[in-house]
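A look at the structure
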Amino acid sequence: MGTFAYFPHTPEDIKVMLERIGVASLDELYADVPAEFIRKEEYELPSAKSEEEVRAWFEGLASKNTRLKVFVGQGAYDHYTPSVIPYITSRSEFLTAYTPYQCEISQGTLRYIFEWQSMICALTGLDVANASMYDGPTAAAEAMRMCVACTRKRNTVVASSLLLPNVLATLRTYARYSGINLVETAEVYEAVAEGTLDLAGVIVPSINRFGIVESHKGLSGLVHEMGALLVEYCDPSALAVVKTPAEWGADIAVGDGQSLGIPLCYGGPYVGFMACRSEWMRKLPGRIVGQTADAQGRRSFVLTLQAREQHIRREKATSNICSNESLMALWCTVYLSLMGPEGMRKLNAICYERSHRLHDALLETGRFEDPFEGRTFLKEFALKPLCDVAKLQQVLLDAGFFAALPTPEGYVTFCVTERRSDEDIDALVKIIKEAAL
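The present account deals with the structure reproduced in this document. (Residues numbered from 1 in each chain as written. Predicted model: local features only at pLDDT ≥ 70, side-chain atom pairs only at ≥ 80, totals over all residues. Heavy atoms only, no water.)

**A short note on the sheet that holds strand β15 (residues 412-415)**
This is how it is decided: At least two DSSP bridges between two strands are required for those strands to pair. Numbering of helices and strands runs from the N terminus; a helix is a DSSP stretch of H or I covering at least four residues, while a strand is a stretch of E covering at least two. Contacts were defined at the residue level, with two residues in contact if any of their heavy atoms lie within 4.5 Å. With axes taken as lines fitted to C-alpha atoms, and helix axes fitted only over the stretch in contact, angles between N-to-C directions fall between 0 and 180 degrees.
Judged by pairing direction, the sheet is antiparallel, and its four strands sit side by side in the order β11-β12-β15-β14 without closing on themselves. Looking along the sheet, the strands with just one partner apiece sit at the ends: β11 (368-369) and β14 (405-406). Strand direction decides the pairing type here: β14 and β15, joined by two bridges, are antiparallel. Residue pairing in the sheet places Pro 406 in a bridge with Val 412 of β15. Along the sheet, helix α12 (residues 326-364) contacts β11, β12 (380-385) and β15; its crossing angle with β12, the most-contacted strand, is approximately 5°.

Structure (structure tokens):
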């Protein structure tokens with residue numbers, strides 16, 4: 001192997017491969033690459049460092065980050081992470097576990113996935129959940145495809161334009177490459193009631209991108225009259241206190257588990273969830289873990305209801321998703337087990353009280369108006385700024401706050417979780433009140 005002991009191919013391997021494809025050298029293999037794009041000088045690599053030096057270098061790099069107090073949500077929420085969660089999930093039996101194909105040696109992994117599914121069913125009120133998805137937006141996109149699969153020849157899905165922007169963007173991508181007619185509108189009832197669409201499904205938010213808790217009274221009956229399915233996109237942490245998708249008559253519920261204690265970390269890793277009514281469970285993408293009994297009658301767990309097309313006839317599959325964010329599903333499962341129903345209700349009560357405190361204080365500064373006066377919000381809200389938004393954001397950034405995120409409509413959004421204290425709220429309001437905007 002020579003100097004590079006861990007390179008997979010020996011010079012002899014490379015020679016055989018080049019001969020097989022009919023070229024004499026690696027230079028000839030890349031002959032189509034223009035010469036000006038090929039680096040000829042040596043790479044400027046630093047000299048080798050000890051482990052201690054490497055750690056010090058990365059610590060110095062990390063110290064350049066600006067740590068801000070987060071007053072923004074939009075699908076990624078700064079909730080507290082109990083310290084025991086990273087300890088449990090970093091145990092080797094969890095951290096190194098992969099997909100549990102062999103149930104006889106994967107009982108631990110299957111068990112926690114089963115618990116995750118059970119907790120998602122408890123939160124959504126629906127009958128069955130799968131073993132998790134990549135993230136919330138892709139879960140929504142998979143639900144869109146599931147609507148088409150369940151209604152067969154129907155091909156149109158109506159999506160509320162009040163869904164989060166990243167959810168809508170992902171829906172557009174999936175629709176384009178799945179041949180689905182995606183209709184985006186803020187007037188969902190009206191679009192469905194017209195009765196002119198070849199309707200397969202409707203996707204609406206439980207809490208919209210302005211933070212408003214939506215009412216879907218009568219929507220499920222209307223959607224079902226059209227022979228279509230209703231999908232609700234949810235913040236799972238809020239499902240402890242708001243009406244569940246089942247209570248609204250939804251067939252499918254999706255969302256992102258990030259609000260269940262997963263810390264903010266440059267966009268990931270997150271975990272999507274997906275639940276549905278029992279009549280549609282054979283169309284659920286991914287995997288389901290089921291409970292059974294072994295030959296001795298002991299409780300045990302297995303993978304169940306997997307479509308064989310997902311593995312061997314992929315062009316016939318409803319979905320080609322086969323892996324999942326199992327480690328992050330475990331993270332959320334531990335979080336929910338620690339919080340319990342009462343803890344989740346208390347969490348939402350704190351967020352509600354503090355977010356309304358900030359909302360009212362910001363209006364009192366005279367620098368905002370409420371375009372949604374009288375609408376219910378839980379922890380996130382949007383206001384119409386009466387000042388220069390760019391200056392407002394810069395003033396807040398300079399003071400160590402990430403807040404007042406603009407929307408395309410000209411509003412700014414704020415979010416308050418249990419991690420933001422009354423002192424943080426007072427400091428934020430004082431800065432806005434005293435700034436020259």
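**Side note on unusual backbone geometry**
Using the following cut-off: Burial classes: relative accessible area under 20% of the type maximum marks a residue as buried, over 50% as exposed, and values in between as partly exposed (1.4 Å probe, protein chains only).
A cis geometry characterises the amide bond from Gly 268 onward to Pro 269, with omega recorded as 0°. The residue Pro 269 is located in the loop between β7 (252-256) and β8 (272-276) in this model. Its identity as a non-glycine residue notwithstanding, Arg 152 has a phi of 60°, on the positive side. Within the secondary structure layout, Arg 152 lies in the loop between α7 (136-150) and β3 (156-160). Positive phi is not limited to glycine here, since Ala 404 has a value of about 60°. Checked against the element boundaries, Ala 404 lands in the loop between β13 (401-402) and β14. Overall, the relative accessible area of 0% leaves Ala 404 in the buried class.

**Concerning the side chain of Asn 208**
Checked against the element boundaries, Asn 208 lands in the loop between β5 (199-205) and α10 (219-225). Judged by relative accessible area, Asn 208 falls into the buried class, the value being 4%. Not counting the four nearest positions on each side in its chain, Asn 208 is found in contact with Leu 162 and Glu 214.

**Brief notes about the nonpolar core**
Condition: Buried Ala, Val, Leu, Ile, Met, Phe, Trp, Tyr and Cys residues form a nonpolar core when they are joined through side-chain atoms within 4.5 Å.
Ranked by size, the top nonpolar core spans 37 residues in total, and within it Trp 116, Ile 262, Val 271, Val 289 and Tyr 335 carry the most contacts. Sorting the residues of this core by element identifies α6 (107-124), β8, β10 (299-304) and α12 as the ones contributing at least two each. Sort the elements by how many residues they give to this core and α12 lands first, with 11 residues. In this structure, Val 289 is in contact with Leu 110, Ile 113, Phe 114, Gln 117, Phe 301, Val 302, Leu 303 and Thr 304, ignoring residues within four places of it in sequence.

**A few points about the environment of Arg 367**
Put simply, the test is: Under the rule applied, a polar contact is a pair of N or O atoms within 3.5 Å (in protein, one hydrogen donor and one hydrogen acceptor; residues adjacent in sequence only if both atoms are side-chain atoms).
The residue Arg 367 is located in the loop between α12 and β11 in this model. In this structure, the C-alpha to C-alpha distance between Arg 367 and Asp 388, residues 21 residues apart in sequence, is 9.7 Å. Residue contacts for Arg 367: discarding those within four places in its chain leaves Leu 362, Lys 384, Pro 385, Leu 386, Cys 387, Ile 432, Lys 433, Ala 435 and Leu 437. Within polar-contact distance, the side chain of Arg 367 engages the backbone oxygen of Ile 432 at 2.8 Å. Within the local environment of Arg 367, its side chain forms a polar contact with the backbone oxygen of Ala 435, the two atoms lying 2.7 Å apart.

**What about the packing of α6 against α12?**
Formally: Put simply, angles under 35 degrees are roughly parallel, angles over 145 are roughly antiparallel, angles from 65 to 115 are roughly perpendicular, and the rest are oblique. By convention the crossing between two helices is left-handed if the near helix lies anticlockwise of the far one by an angle smaller than a right angle, and right-handed if it lies clockwise. Residues are grouped as follows: nonpolar covers Ala, Val, Leu, Ile, Met, Phe, Trp, Tyr, Cys and Pro; charged covers Asp, Glu, Lys and Arg; every other residue, Gly included, is treated as polar.
Between α6 and α12, the shortest axis-to-axis distance is 9 Å and the interhelical angle comes to 60°. The angle between the axes of α6 and α12 places the two elements in the oblique class. When you trace α6 past α12, the crossing you get is left-handed. Along the contact surface, α6 presents Thr 109, Tyr 112, Ile 113, Glu 115, Trp 116, Met 119 and Leu 123, while α12 presents Ser 326, Leu 327, Ala 329, Leu 330, Cys 332, Thr 333, Leu 336 and Ser 337. Looking at the contact of α6 with α12 residue by residue, the classes come out as 10 nonpolar, four polar and one charged.

**A closer look at the pairing of β12**
With respect to burial, β12 is a largely interior element, five of its six residues being buried. When β11 meets β12, the two strands line up antiparallel, connected through two bridges. Each residue of the ladder has a partner; that of Phe 368, found in β12, is Pro 385. Taken together, the four bridges between β12 and β15 define a ladder with antiparallel strand orientation. Counted as the bridge partner of Ala 382 is Thr 413 from β15.

**As for the environment of Glu 42**
Following the sequence through the fold, Glu 42 ends up in the loop between α2 (26-29) and α3 (51-62). For the pair Glu 42 and Glu 28, spaced 14 residues apart in the sequence, the C-alpha separation amounts to 20 Å.

**Considerations on the packing of α7 against helix α8 (residues 165-178)**
Between α7 and α8, whose axes approach to 8 Å, the crossing angle comes to 40°. Classified by the angle between their axes, α7 and α8 sit oblique to one another. Two packed elements cross with a definite hand, and for α7 against α8 that hand is right-handed. Contact residues: α7 offers Pro 137, Thr 138, Ala 140, Ala 141, Glu 142, Met 144 and Arg 145, while α8 offers Asn 166, Val 167, Thr 170, Leu 171, Tyr 174, Ala 175 and Ser 178. Here the contact of α7 with α8 is built from residues that sort into eight nonpolar, four polar and two charged.

**Some details on helix α13 (residues 389-398)**
Put simply, Asp 388 is the residue that caps the front of α13, since its side-chain oxygen is 2.9 Å from the backbone nitrogen of Ala 390. Gly 400, located one to two residues past α13, shows a positive phi value of around 95°.

**Here we look at the sheet that holds β3**
Strands sit in the order β2-β8-β7-β6-β5-β3-β4 across an open sheet of seven strands; the sheet is mixed. Sheet topology places β2 (128-129) and β4 (181-185) at the edges, where each strand pairs with a single neighbour. Inspection of the sheet shows β3 paired to β4 by five bridges, in the parallel sense. What sits directly across from Val 157, in β4, is Leu 182. Along the sheet face, α6 touches β2, β7 and β8 and points at about 65° away from the line of β8. Those strands touched by α7 are β3, β4, β5, β6 (229-234), β7 and β8, and its axis lies near 160° from that of β7.

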